[in-house]
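Listed below are the residues making up each chain.
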Amino acid sequence: MSELDLEGSDVLEALAAIGKVDDFLEAVDADDFARAKKLMKKAGVDDKTIAWVLDQMNV
């Protein structure tokens, strides 16, 4: 999954609102699914979108 897949997305906007974009991108780069999910939940991202992002991390 590249950063471009998420660029300008609601996910990054939600993470930016809580100041966690860099932490999230680090989790994605490290394939840390649990941390990525936790950060998205904290940002208020819906479950369907979280599932999609986690699926894309597997690609």
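Residues numbered from 1 in each chain as written. Predicted model: local features only at pLDDT ≥ 70, side-chain atom pairs only at ≥ 80, totals over all residues. Heavy atoms only, no water.

A. The overall build of the protein chain, seen in detail. Assigned secondary structure in the protein chain consists of 5 helices and 0 strands. Ordering the α and β elements of the protein chain from the N terminus gives α-α-α-α-α. Sorting the 59 residues of the protein chain into buried and exposed places 32% on the buried side. Per element, the accessible surface of the protein chain, about 3,800 Å² overall, is 48% carbon and sulfur. (Helix = DSSP H or I, 4+ residues; strand = E, 2+ residues; numbered from the N terminus. Buried < 20%, exposed > 50% of the residue type's maximum accessible area, 1.4 Å probe, protein only. Areas by Shrake-Rupley, 256 points an atom, 1.4 Å probe, with all protein chains shown as cover.)

B. Fine view of the packing of helix α3 (residues 21-29) against helix α4 (residues 33-43). The interhelical angle for the contact between α3 and α4, taken along N-to-C directions, is 155°, at an axis separation of 8 Å. In this view, α3 runs roughly antiparallel relative to α4, as classed from their interaxial angle. Helix-helix and strand crossings are classified by hand; for α3 and α4 the assignment is left-handed. Only Arg-35, Ala-36, Leu-39 and Met-40 of α4 make contact with α3, whose side of the interface consists of Asp-23, Phe-24, Glu-26 and Ala-27. Of the residues in the contact of α3 with α4, the class split is 5 nonpolar, no polar and 3 charged. (Axes fitted to C-alpha atoms, helices over the stretch in contact; angles between N-to-C directions. Parallel < 35°, antiparallel > 145°, perpendicular 65-115°, else oblique. Left-handed = near helix turned anticlockwise from the far one by under 90°. Contact = heavy atoms within 4.5 Å. Nonpolar A, V, L, I, M, F, W, Y, C, P; charged D, E, K, R; others polar.)

C. Structural context of the nonpolar core. Counting 17 residues, the largest nonpolar core has Val-11, Leu-15, Phe-24, Met-40 and Val-45 as its most contacted members. Going through the elements one at a time, α2 (10-17), α3, α4 and α5 (47-57) are the ones with two or more residues in this core. If we skip the residues at most four places from it in the chain, Leu-15 touches Lys-20, Val-21, Phe-24, Leu-39, Met-40 and Ala-43. (Core = buried A, V, L, I, M, F, W, Y, C linked by side-chain atoms within 4.5 Å.)

D. Looking closely at α5. Along α5, the positions that sit buried rather than exposed are Ile-50, Val-53, Leu-54 and Met-57. For α5, the angular spread of buried residues about the axis comes to 95°, placing them on one side. Among the residues of α5, the N-terminal cap falls to Asp-46, whose side-chain oxygen and the backbone nitrogen of Lys-48 are separated by 3.2 Å. (Arc of directions from axis to C-beta. Polar contact = N/O pair within 3.5 Å; in protein donor to acceptor, adjacent residues only side chain to side chain.)

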